[in-house]
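# Topology and contacts: notes
Residue-level listing of the chains:
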Amino acid sequence: MDVPYKIHTGQLLTTASGNLEPAYGTIVTDNNQPVSGALVYITLEGGQTLSTISKPSGTWLIPLNLARTQDLTSYLP
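Owing to the predicted nature of the structure, the values given are computational and were not obtained by experimental measurement. (Residues numbered from 1 in each chain as written. Predicted model: local features only at pLDDT ≥ 70, side-chain atom pairs only at ≥ 80, totals over all residues. Heavy atoms only, no water.)

### Quick notes on the side chain of Arg-68
Position of Arg-68 among the secondary structure elements: in the segment after strand S4 (59-62). Within the local environment of Arg-68, its side chain forms a polar contact with the backbone oxygen of Gln-11, the two atoms lying 2.9 Å apart. (Helix = DSSP H or I, 4+ residues; strand = E, 2+ residues; numbered from the N terminus. Polar contact = N/O pair within 3.5 Å; in protein donor to acceptor, adjacent residues only side chain to side chain.)

Okay, here's the thing in structure tokens:
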């Protein structure tokens with residue numbers, strides 16, 4: 001049977017998370033109007049890819065304090 005996608009969940013981590021500040025911003029059109037529902041992706045060096053969707057105000061926020069390494073075995077320093 002073909003599997004259209006595969007999900008891998010990282011193990012439970014008992015160490016403290018990193019001290020990274022959140023990433024955030026606002027997405028607007030050329031006419032300075034907020035963009036609702038835009039997909040925002042962030043890939044940190046050596047880390048996993050994180051994503052979010054912009055709010056009706058165009059704002060978005062991605063907490064980075066729980067970002068993990070690419071292999072999901074630890075938090076990013």
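### Notes on the nonpolar core
In summary, soluble globular proteins display a tendency toward joint burial of nonpolar side chains. Counting residues in each nonpolar core, the largest one holds 9 residues, listed as Ala-23, Val-40, Ile-42, Leu-50, Trp-60, Ile-62, Leu-64, Ala-67 and Leu-76. Sorting the residues of this core by element identifies strand S2 (39-43) and S4 as the ones contributing at least two each. Setting aside its immediate chain neighbours within four residues, Val-40 contacts Ile-27, Leu-50, Ser-51, Thr-52, Trp-60 and Ile-62. (Core = buried A, V, L, I, M, F, W, Y, C linked by side-chain atoms within 4.5 Å. Buried < 20%, exposed > 50% of the residue type's maximum accessible area, 1.4 Å probe, protein only. Contact = heavy atoms within 4.5 Å.)

### Re the pairing of strand S3 (residues 49-53)
In the case of a regular strand, side chains alternate between the two sheet surfaces. In terms of strand pairing, S2 meets S3 through 5 bridges, oriented antiparallel. The residue bridging Tyr-41 from the neighbouring strand is Ser-51, located in S3. Here S2 folds back onto S3, and the loop between the two strands holds 5 residues, one of which, Gly-46, carries a positive phi near 75 degrees. (Pairing = 2+ DSSP bridges.)

### Here's the deal with the environment of Gln-11
Structurally, Gln-11 can be placed in the segment before strand S1 (23-26). For the pair Gln-11 and Thr-26, spaced 15 residues apart in sequence, the C-alpha separation works out to 33 Å.

Purely geometric numbers; function is a separate question.
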